[in-house]
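Descriptive analysis of the structure
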Amino acid sequence: MREFMQKHSYSAVRLFVNQIAISIFGLVLAIACGRVENETLKVGASVGAILFYLFLLYAAMWEAGSKDKLSYSQSKSSPLTGLYIALIANSLNILLAIIITICSFASEGGTMHAVGAISSVIALFVEGMYTGLLSVDLNGIPLNDYWLSYFIIIIPALVVSAVAYWFGLKEYHFSKILIPENPEDAEIKREKKNARKNRE
């Protein structure tokens, strides 16, 4: 475990930093849309922020998997490494979800209920990209009042991180946008381009 943390701590911290950055972005969008009192716009902005967040996760974990490709072939690392990194990066989210769940069964007005309320506020701050979506009512109750919601919103990050790391490990990709061009490839492209120009 210690060796795993040393090797992948940078990736986990990078995921958490991305989360906080997009969380602030999502909160600002939710507040702006809330002021104009447009629920559809607020939900749409929240979905956009979530998709942007997941894209950043995908890019970061694909890169981590690609870098680990050599060590994977030598040490047969677990293909679930991306999931483990994401679990570490989401440890605060998971802890908050557990606290909210426990406190949701406490009687109103008590200390535990207050702890749950504070934990909900913290969760909405560190996962602000989901704020607009969690404000949607279900059976007359906003989704952020359901303890299960705080577990569900963690799942997309875990799934995307696991898949992206595995794709990076296997060099699978949907687009060349996320693939850094190495100097050798750039040189080959220049030579081909020059050869075409000379023929013309």
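It should be noted that the structure appears before, not after, this text.
Residues numbered from 1 in each chain as written. Predicted model: local features only at pLDDT ≥ 70, side-chain atom pairs only at ≥ 80, totals over all residues. Heavy atoms only, no water.

As a packed pair, helix H2 (residues 39–67) and helix H9 (residues 155–170) sit with axes 7 Å apart at the nearest point and diverge in direction by 35°. For the pair H2 and H9, the crossing hand works out as right-handed. Contacts between H2 and H9 pair Tyr53, Leu54, Leu57, Tyr58, Met61, Trp62, Ala64, Gly65 and Ser66 from the former with Pro156, Ala157, Val160, Ser161, Ala164, Tyr165, Phe167, Gly168 and Leu169 from the latter. Among the residues forming the contact of H2 with H9, the class breakdown is 14 nonpolar, 4 polar and no charged. (Axes fitted to C-alpha atoms, helices over the stretch in contact; angles between N-to-C directions. Helix = DSSP H or I, 4+ residues; strand = E, 2+ residues; numbered from the N terminus. Left-handed = near helix turned anticlockwise from the far one by under 90°. Contact = heavy atoms within 4.5 Å. Nonpolar A, V, L, I, M, F, W, Y, C, P; charged D, E, K, R; others polar.)

Moving on: the nonpolar core. Ranked by size, the top nonpolar core spans 36 residues in total, and within it Leu15, Tyr53, Leu57, Ile85 and Met129 carry the most contacts. Sorting the residues of this core by element identifies helix H1 (2–35), H2, helix H4 (81–89), helix H5 (91–104), helix H6 (111–126) and H9 as the ones contributing at least two each. By residue number, the principal contributor to this core is H2, which donates 10 residues. Residues in contact with Tyr53, not counting those within four places in the same chain, are Asn18, Gln19, Ile22, Asn90, Met129 and Ala157. (Core = buried A, V, L, I, M, F, W, Y, C linked by side-chain atoms within 4.5 Å. Buried < 20%, exposed > 50% of the residue type's maximum accessible area, 1.4 Å probe, protein only.)

The grouping of Phe105, Trp147, Leu148, Ile152, Ile155, Val159 and Val163 at the surface amounts to a nonpolar patch, some 650 Å² of accessible area in total. When residues in the nonpolar patch are grouped by element, the largest group, 3 residues, is from H9. Within the element layout of this structure, Ile155 appears in helix H9. Classification of Ile155 as partly exposed rests on a relative accessible area of 45%. (Patch = residues over 30% accessible without salt bridge, like charges linked within 9 Å, V, L, I, M, F, W, Y side chains within 5 Å. Areas by Shrake-Rupley, 256 points an atom, 1.4 Å probe, with all protein chains shown as cover. Salt bridge = Lys/Arg side-chain N within 4 Å of Asp/Glu carboxyl O.)

Note on placement: Ile20 falls in helix H1. In sequence terms Ile20 and Glu127 are 107 residues apart; their C-alpha atoms lie 7.3 Å from each other.

So, about unusual backbone geometry. Even without being a glycine, Asn139 presents a positive backbone phi close to 60°. Position of Asn139 relative to the elements: it lies in the loop between strand S1 (137–138) and strand S2 (141–142). Overall, the relative accessible area of 73% leaves Asn139 in the exposed class.

What follows is about the pattern of salt bridges. Scanning the model with the defined rule gives 3 salt bridges in all. For Glu63, the salt bridge goes to Arg14, with nearest N and O atoms at 3.3 Å. With Glu63 in helix H2 and Arg14 in helix H1, this pair connects stretches of sequence that are 49 residues apart. In this structure, the salt-bridge partner of Glu63 is Lys67, at a minimum N-O distance of 3.1 Å.

Honestly, it's all geometry; don't read function into it.
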